[in-house]
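Now for the letters of each chain:
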Amino acid sequence: MKILVCISKTPDTTAKIAFTDNNRKFAAEGVQWIINPYDEWYALVRAIELKEKDPSITLHLITVATADADAIIRKALALGGDEAIRVNADSQDSYFIASQIAAIARDGAYELIFTGKETIDYNGSSVGGMIAGLLDLPYISLAAKFELAGNTATVVREVEAGEETEEVSLPGVISCQKGMAEQRIPNMKGIMGARSRPLKVVEPQPVETLTEIISFELPPAKKGVHMIPAENAEELVRLLHEEAKLI
Amino acid sequence: MSVLIFLDHADGHFKKTTFEALSYGAALAKQLGVTADGVLLGTVTEDIASLGKYGIQQVHQVNQESLNALDTQVYIRILADIAASTKATVIVFSHNSSAKAIAPGLSARMKAGLVTGVIALPETSSGFSVKKNVFSGKASANVSIKTPVKIITINPNAYHIVSGEGSAKLVQVSINTDASKIKLKSASKASGEIPLTEAEIVVSGGRGMKGPENWGPIEELAKLLNAATACSRPVADSGWRPHAEHVGQTGIAIAPNLYIAIGISGAIQHLAGVNRSKVIVVINKDPEAPFFKSADYGIAGDAFEVLPKLIQAVKKLKGVA
Ligand SMILES: Cc1cc2nc3c(=O)[nH]c(=O)nc-3n(C[C@H](O)[C@H](O)[C@H](O)COP(=O)(O)OP(=O)(O)OC[C@H]3O[C@@H](n4cnc5c(N)ncnc54)[C@H](O)[C@@H]3O)c2cc1C
Ligand SMILES: Nc1ncnc2c1ncn2[C@@H]1O[C@H](COP(=O)(O)O)[C@@H](O)[C@H]1O
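As the structure is a computational prediction, the values presented were derived from the model and not from experiment. (Residues numbered from 1 in each chain as written. Chains lettered and ligands numbered in written order. Predicted model: local features only at pLDDT ≥ 70, side-chain atom pairs only at ≥ 80, totals over all residues. Heavy atoms only, no water.)

### A short note on the overall build of chain B
Test applied: What counts as a helix is a DSSP run of H or I of at least four residues, what counts as a strand is a run of E of at least two, and both are numbered from the N terminus. Each radius of gyration is computed over the set of C-alpha atoms, and the globule rule expresses the reference value as 2.2 Å times the number of residues to the power 0.38. We call a residue buried when its accessible area falls under 20% of the maximum for its residue type, exposed when it is over 50%, and partly exposed in between, using a 1.4 Å probe and counting protein chains only. The contact rule is simple, with two residues in contact once any of their heavy atoms fall within 4.5 Å.
Helix and strand counts for chain B stand at 7 helices and 17 strands. In terms of overall size, chain B behaves like a compact globule, its C-alpha atoms giving a radius of gyration of 21 Å where 321 residues would be expected to give roughly 20 Å. Summarising its shape, the C-alpha atoms of chain B cover approximately 60 × 45 × 40 Å along the three principal directions. Buried residues in chain B amount to 60% of all 321 residues. Long-range pairs, those at least 24 residues apart, make up 64% of the contacts in chain B between residues at least 6 apart in sequence.

### Some points on the site of ligand 1
Cut-off, in case you're wondering: Distances are taken per atom, and a residue is near a molecule or strand as soon as one of its heavy atoms is within 4 Å of it. In protein, a polar contact means a hydrogen-donor-capable atom and an acceptor-capable atom, both N or O and within 3.5 Å, with residues adjacent in sequence counting only if both atoms are side-chain atoms; elsewhere, any N or O pair within 3.5 Å suffices. Note on areas: Shrake-Rupley, 1.4 Å probe, and residue coverage restricted to the protein chains presented here. Residues were grouped as follows: Ala, Val, Leu, Ile, Met, Phe, Trp, Tyr, Cys and Pro as nonpolar; Asp, Glu, Lys and Arg as charged; and all remaining residues, including Gly, as polar.
Around ligand 1 sit 28 residues in total, of which Lys210(B), Ser232(B), Ser265(B), Gln269(B) and Asn284(B) are the nearest. Two or more chains meet at ligand 1, and those chains are chains A and B. Within the side chain of His246(B), an N or O atom sits 2.9 Å from an oxygen atom of ligand 1. Between an oxygen atom of ligand 1 and a side-chain N or O atom of His270(B), the distance comes to 2.8 Å. Here ligand 1 loses 81% of its free accessible area of 980 Å² to cover by the protein chains. Its residues assigned to classes, the shell around ligand 1 shows 7 nonpolar, 15 polar and 6 charged.

### Regarding the site of ligand 2
All names here are of chain A. Asp39, Gly116, Thr119, Ser125 and Ser126 are the nearest of the 19 residues found near ligand 2. For ligand 2, an oxygen atom lies 2.9 Å from a polar atom in the backbone of Cys6. Ser125 is positioned such that a nitrogen or oxygen atom in its backbone is 2.7 Å from an oxygen atom of ligand 2. Burial of ligand 2 by the protein amounts to 96% of the accessible area it has alone, namely 490 Å². Put simply, the parts of the chain that give the shell around ligand 2 at least two residues each are β6 (58-65), α3 (94-108) and β8 (112-116). The biggest single contributor to the shell around ligand 2 is β6, with 3 residues. Per-class residue counts for the shell around ligand 2 are 7 nonpolar, 10 polar and 2 charged.

### Examining the interface of chain B and chain A
For clarity, the threshold we go by: Defined here as a combined quantity, buried area equals the accessible surface (1.4 Å probe) lost by two parts on assembly, summed across both. Should a side-chain nitrogen of Lys or Arg be within 4 Å of a carboxyl oxygen of Asp or Glu, the pair is scored as a salt bridge.
Every contact between the two is made by 89 residues of chain B and, on the other side, 76 residues of chain A. For the pair chain B and chain A, the summed buried area comes to about 7,000 Å², and 58% of that belongs to carbon and sulfur atoms. Taken together, chain B and chain A are joined by 9 salt bridges. Between Lys146(B) and Glu212(A) there is a salt bridge, with its nearest N and O atoms 3.8 Å apart.

### Structural notes on the environment of Ala89(A)
All names here are of chain A. As for its position among the elements, Ala89 is in the loop between β7 (83-88) and α3. Once the C-alpha coordinates of Ala89 and Glu243 are considered, the two residues, 154 residues apart in sequence, prove to be 52 Å apart. Setting aside chain neighbours within four positions, we find Ala89 in contact with Val64, Ala65, Thr66, Phe96 and Pro204.

### A few points about the pattern of salt bridges
Counted according to the given criterion, the structure contains 28 salt bridges over all chains. As a salt-bridge pair, Asp70(A) and Arg86(A) come within 2.7 Å of each other at their nearest N and O atoms. You can see Asp70(A) sitting in helix α2 (residues 70-79) and its partner Arg86(A) sitting in strand β7, a full 16 residues away along the chain. Close ionic contact of Arg77(B) with Asp136(A) constitutes a salt bridge, the shortest N to O distance being 3.5 Å. You can see Arg77(B) sitting in helix α2 (residues 72-85) and its partner Asp136(A) sitting in the loop between α4 (127-135) and β9 (139-149), one on each of two chains.

### So, the packing of α2(A) against helix α5 (residues 188-196) of chain A
Residues and elements named next belong to chain A. Inclusion rule: Note on geometry: axes are lines fitted to C-alpha atoms, helical ones only across the stretch in contact, with angles between N-to-C directions running from 0 to 180 degrees. Reported orientations rely on four angle classes, namely roughly parallel under 35 degrees, roughly antiparallel over 145, roughly perpendicular from 65 to 115, and oblique for the rest. Should the near helix be turned counterclockwise from the far one by less than a right angle, the crossing is left-handed, whereas a clockwise turn marks it as right-handed.
At a closest axis distance of 7 Å, the pairing of α2 and α5 adopts a crossing angle of 120°. For the element pair α2 / α5, the angle class is oblique. Classified by chirality, the crossing of α5 by α2 is right-handed. Across the interface between the two elements, Arg74, Leu77 and Ala78 of α2 pack against Gly190, Ile191, Ala194 and Arg195 of α5. Partitioning the contact of α2 with α5 into residue classes produces 4 nonpolar, 1 polar and 2 charged.

### Notes on the sheet that holds strand β15 (residues 258-262) of chain B
Defined as follows: A strand pair is defined by DSSP finding two or more bridges across the two strands.
Read from one edge of the open sheet, 6 strands run β15(A)-β17(B)-β16(B)-β15(B)-β13(B)-β14(B), paired in parallel fashion. Each having just a single partner strand, β15 (226-227) of chain A together with β14 (228-231) of chain B make up the two edges of the open sheet. In this structure, β15(B) lies alongside strand β16 (residues 279-284) of chain B, joined through 5 bridges in parallel fashion. Bridge pairing links Ile262(B) to Ile283(B) in β16(B). Strands in contact with helix α4 (residues 216-224) of chain B are β13 (201-205), β14 and β15 of chain B; relative to β13(B), the strand with the most contacts, it is inclined by about 175°. Contacts from helix α7 (residues 303-318) of chain B reach β15, β16 and β17 (297-300) of chain B within the one sheet, and its direction differs from that of β16(B) by about 130°.

### A short note on the confidence of the model for chain B
Operational definition: Residue-level confidence of the predictor is what pLDDT reports, using numbers from 0 through 100.
Scored by pLDDT, chain B comes out at a mean of 95, with 99% of its residues at no less than 70. Across the interface, the model reports ipTM at 0.95; the global pTM reads 0.96.

### Considering the pairing of strand β6 (residues 88-94) of chain B
All names here are of chain B. For β6, the tally of buried residues reaches 7 of 7 residues, placing the bulk of the element in the interior. Where β6 meets strand β10 (residues 150-154), 5 bridges bridge the pair, whose relative direction is parallel. Counterpart to Ile91 in the pairing with β10 is Ile151.

### Structural notes on the domain arrangement of chain B
Residues and elements named next belong to chain B. Inclusion rule: Note: domain ranges come from an automatic or database domain assignment.
Taken as a whole, chain B is organised into domain 1 (2-172) and domain 2 (196-318). Look at where the C-alpha atoms of domain 1 and domain 2 centre, and you get two points 31 Å apart. Across the contact, 12 residues belong to domain 1 and 13 residues belong to domain 2. Taking both partners together, domain 1 and domain 2 bury about 970 Å²; carbon and sulfur atoms supply 36% of that area. The interface formed by domain 1 and domain 2 holds 1 salt bridge in total. The closest approach of N and O atoms between Glu200 and Lys16, which form a salt bridge, is 3.2 Å. The tally of links between domain 1 and domain 2 comes to 8 residue pairs in polar contact (both at pLDDT 80 or more). For the side of domain 1 that touches domain 2, the secondary structure elements donating two or more residues are α1 (16-32) and β9 (139-145). Looking at side-chain class alone, the side of domain 1 that touches domain 2 contains 3 nonpolar, 6 polar and 3 charged residues.

Dropping the structure here:
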């Protein structure tokens with residue numbers, strides 16, 4: 001079985017969010033970059049677990065990014081995976097990214113494609129579903145559990161009202177979230193090993209974008225907190241009822 | 001030309017977010033000077049024609065029980081067909097678990113630009129651009145959609161429900177739905193009655209609550225306020241509360257009208273999931289807790305003393321003994 005895990009890079013969760021270039025660009029200066037947590041903790045670690053159980057599995061990682069993502073993809077390889085592929089392009093809109101990954105997935109005949117639930121910078125929740133749409137494969141989003149038996153996957157998916165357990169025959173695309181696996185820390189052996197594993201760089205397919213970010217905005221500042229003395233906690237209920245009119 | 005609104009349902013009922021999508025879609029149709037229609041895959045026990053009161057003219061229904069279980073490939077094929085036959089130029093979903101499953105694939109199939117997590121009506125004076133949340137609620141982006149057909153998913157609680165008078169015409173669509181590659185084996189319901197992402201009020205507890213045995217007052221307050229319950233990540237990681245309650249950057253993002261945070265420090269990753277709440281109340285025994293900086297109302301005090309007083313006061317307000 002061949003598994004492809006989609007890895008994206010995002011600003012560290014504590015990074016200051018600011019914009020330059022007339023609010024058209026994210027101010028990336030000095031920002032620490034990490035592997036998108038959903039891709040790392042859930043998609044990648046679950047795929048590694050599957051390979052640990054069945055060593056005949058081939059596990060490849062893919063990112064659509066320019067060379068400045070190499071450190072991130074190496075870090076992902078240090079956790080596990082046989083090979084990484086970087087499609088050498090600025091990740092533009094979701095459709096562009098998904099089209100690049102779909103092209104590689106089709107050529108490489110991967111049977112299972114994992115993505116994260118969403119990127120924590122663009123918050124699209126889109127790339128996985130688009131890859132599935134482009135390849136006309138079944139897609140299960142928001143997977144919290146994943147088991148493999150032969151060519152059949154059993155997936156627990158989170159929905160508003162609770163959970164659904166679904167069975168799907170592969171090939172297919174799965175977006176992963178909390179519950180799939182536990183976060184791992186790369187060890188020295190992994191870090192050293194990652195250096196010798198291939199990172200293939202391929203040039204992008206010509207694909208148009210369907211959307212474009214015109215500008216960013218920061219939310220309006222809060223006007224300050226109204227503190228209520230603890231002895232008089234009932235006052236909060238009055239304010240929520242009479243002033244905020246929420247209860 | 002028309003706006004097509006996806007009518008999401010579960011257990012025979014339309015979801016609350018469906019009424020938000022309807023209200024948004026109808027307002028958008030008015031803005032564009034076109035008509036608004038709904039599309040319903042599967043069966044409901046509710047009166048469909050009465051959806052007209054949200055401002056739509058027709059509901060296109062594929063009346064088949066098998067569609068009550070969501071299969072993305074089947075849904076995408078049907079929706080693409082109906083979107084084409086109704087000449088839809090904008091397709092509107094609520095940004096929930098169904099939309100996250102279907103909308104991206106539909107976008108790829110129709111080559112229709114998709115923007116998810118939209119929080120306001122689009123700007124249509126020149127082109128078509130929508131505002132969406134990015135950086136996990138720490139900022140928003142204006143995104144232009146360049147294709148003739150556009151797909152948007154709107155955030156729960158971002159658009160208010162508007163209803164008036166009216167009745168929608170029901171149009172039955174017969175489509176051959178081919179065999180599904182996904183089999184639904186079972187479904188289980190979450191413990192809370194109100195889905196977290198749909199709740200207007202959320203009562204949330206952090207590590208300051210000390211242990212799972214102390215959640216009684218949080219649940220009681222939530223029940224009195226018709227609220228859902230949530231928690232911080234370490235609380236879910238320690239197994240004090242179910243994972244589905246974990247809010248924040250790596251959990252669920254919510255935007256209720258009122259978020260009450262009890263014994264939560266207000267770490268940046270927690271704020272990322274809740275900072276779109278309209279009003280935030282923070283109860284923390286440390287007056288220096290960072291959460292107070294993002295709060296509208298705050299009480300610096302011990303949760304175990306403050307909560308009983310609040311519960312009493314809410315009971316009095318609601319006339320519950
Ligand atoms: C990559 C990454 C992603 C993360 N994602 C998330 C996420 O999605 N969601 C999330 O929540 N966290 C997330 N975190 C963790 C986050 O950084 C914090 O560690 C976490 O939010 C702290 O939870 P807490 O506020 O419940 O606990 P603590 O930080 O321990 O705070 C407990 C608070 O309770 C108060 N307190 C104690 N006793 C009482 C009392 N008797 N009455 C009233 N108040 C009391 C204390 O003053 C303190 O402020 C993430 C971290 C990382 C690194
Ligand atoms: N540039 C990229 N390269 C590789 N995978 C990506 C990229 N962007 C997004 N993904 C994958 O798609 C998932 C969803 O992303 P998004 O649709 O942006 O929320 C992420 O969690 C990644 O697994």
